Amino acid sequence: MVQSCTVIHKLIERYDYGGAHDLLLEEGLEETDAGKIINSCRYAANFDFKTARYHLNELDENIDKLGIIQNTKKNLDELIKGVPDAIFSELMENIKIQIVNEEFIDFLGRVYRFKEALYKYIFISSLDGYRKFSFTSDIVLKKNILRILKKKFKIYNGSTIFGISSYIQKFQKTNHKYQQVDKILNTDKMNEIIELRHNSIIGHGFAGVSIDDIYKIYGNPYNVLDDFEDCLEILEIKILKYKYGHLNELLYRMIYDLNESDLDA
């Protein structure tokens, strides 16, 4: 397994848990604790949190009791429930994964989704009776938000983002936190990078997207993450940083141990 071990480490480093799992499958090691954790990460990175949680149910007791595993289980439970802090944390991690893998069209898709999620969070949190909510609730659906904007606030707009931005400017003028976030999310560079998404295959066109396109508008793509993190801090949303990075460190050690035991056999 020596050669496979090196390749698996490289795949994990790039958050390619599907590729790492395929190699473990070829070695007949998919049912090891490392295999189960990698499989869990594979599903979590694709927002299938229930399946990700399922694959952590039968870990060896010595692995299961590790703090990082217990924290991951708690995190997945919160993601299943749609807890905002957990959802935003996962989206931040997901955007970072797209940058690392230079998947810039998917990166733009996640940026758009994050911006929309922030606006939804602001709007729903500001409504009477919705101080606490879940991203799995029906009220988060676009059609329901647009209906409330139209019926209660007389805002007629087919876009969730523009509709809620108008709501903030008209009905939340004294809420400095909402005003600050709205300003960050509506800079020229943010709107231009969203326009790239609209013109791409995941929007309304067929334009390709390169790292040069992003640099011309926003500079380093990690700058987008910095702006989103500023928004989360303003809204007092606590995020879990380096979730997959910490899991990767554990996996590196576990794969190394599997390789050593294979050599000793």
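All values derive from a computational prediction rather than experimental measurement. (Residues numbered from 1 in each chain as written. Predicted model: local features only at pLDDT ≥ 70, side-chain atom pairs only at ≥ 80, totals over all residues. Heavy atoms only, no water.)

Visitor: For a nonpolar patch on the surface, give the residues involved together with the corresponding values.
Guide: Taken together, Ile201, Ile202 and Phe206 make up a surface patch of nonpolar side chains, about 340 Å² in accessible area. Here Ile202 lies in the loop between helix H12 (188–199) and helix H13 (211–218). When its relative accessible area of 30% is taken as the criterion, Ile202 is described as partly exposed. (Patch = residues over 30% accessible without salt bridge, like charges linked within 9 Å, V, L, I, M, F, W, Y side chains within 5 Å. Areas by Shrake-Rupley, 256 points an atom, 1.4 Å probe, with all protein chains shown as cover. Salt bridge = Lys/Arg side-chain N within 4 Å of Asp/Glu carboxyl O. Helix = DSSP H or I, 4+ residues; strand = E, 2+ residues; numbered from the N terminus. Buried < 20%, exposed > 50% of the residue type's maximum accessible area, 1.4 Å probe, protein only.)

Visitor: Give me the lowdown on a negative patch on the surface, citing residues and values where you can.
Guide: Residues Asp16, Asp22, Glu26, Glu27, Glu103 and Asp106 make up a contiguous surface patch of negative charge. Assignment of secondary structure puts Asp22 in helix H2 (residues 17–26). (Lys, Arg positive; Asp, Glu negative; His and termini not counted. Charge placed at Lys NZ, Arg CZ, Asp CG, Glu CD.)

Visitor: Help me get a handle on helix H11 (residues 176–185), residues and values and all.
Guide: Turning to H11, its buried residues number three or more, namely Tyr178, Gln179, Val181, Asp182, Ile184 and Leu185. The inward-facing, buried residues of H11 contact helix H8 (104–126), helix H10 (160–171), H12 and helix H14 (222–234). Its side-chain oxygen 3.2 Å from the backbone nitrogen of Lys177, Asn175 forms the N-cap of H11. (Contact = heavy atoms within 4.5 Å. Polar contact = N/O pair within 3.5 Å; in protein donor to acceptor, adjacent residues only side chain to side chain.)

Visitor: Can you tell me about the nonpolar core, naming the residues and giving the values?
Guide: In this structure, Ile37, Phe107, Phe123, Ile193 and Phe228 are the most contacted members of the largest nonpolar core, which totals 87 residues. Among the elements that line this core, the one with the most residues is H8, at 13 residues. Once you skip the residues sitting within four places of it in the chain, Phe107 turns out to touch Ile95, Gln98, Ile99, Ile193, Ile214, Pro221 and Val224. (Core = buried A, V, L, I, M, F, W, Y, C linked by side-chain atoms within 4.5 Å.)

Visitor: Which residues make up the packing of H8 against helix H9 (residues 142–153), and what values go with them?
Guide: With their axes 12 Å apart at the nearest point, H8 and H9 run at an angle of 50 degrees to one another. Comparing their axes, H9 and H8 come out oblique. When the axes of H8 and H9 are compared, the crossing they make is left-handed. On H9, the residues that touch Lys120, Phe123 and Ile124 of H8 are Lys142, Ile145, Ile148, Leu149 and Phe153. Considered class by class, the residues forming the contact of H8 with H9 number six nonpolar, no polar and two charged. (Axes fitted to C-alpha atoms, helices over the stretch in contact; angles between N-to-C directions. Parallel < 35°, antiparallel > 145°, perpendicular 65-115°, else oblique. Left-handed = near helix turned anticlockwise from the far one by under 90°. Nonpolar A, V, L, I, M, F, W, Y, C, P; charged D, E, K, R; others polar.)

Visitor: Quick rundown of the pattern of salt bridges? Include the residues and the values.
Guide: For side chains of opposite charge, pairing can occur when their charged atoms come near one another. Within the structure shown, the criterion is met by eight salt bridges. Note that Asp227 is salt-bridged to Lys189, the shortest N-O span being 3.9 Å. Placement of Asp227 in helix H14 and of Lys189 in helix H12 is noted, with a sequence separation of 38 residues between them. Residue classification places Lys189 among the partly exposed residues on the basis of a relative accessible area of 33%.

Visitor: Could you give an account of the packing of H11 against H14, naming the residues involved and the relevant values?
Guide: Contact pair H11 / H14: the axes reach a minimum separation of 9 Å and the direction vectors enclose 170 degrees. Taken as axis vectors, H11 and H14 run roughly antiparallel relative to one another. Facing H11, whose interface residues are Lys177, Gln180, Val181, Ile184 and Leu185, H14 presents Asp227, Phe228, Asp230, Cys231 and Ile234. A class-by-class count of the residues in the contact of H11 with H14 yields six nonpolar, one polar and three charged.

Read these as spatial facts, not as claims about activity.
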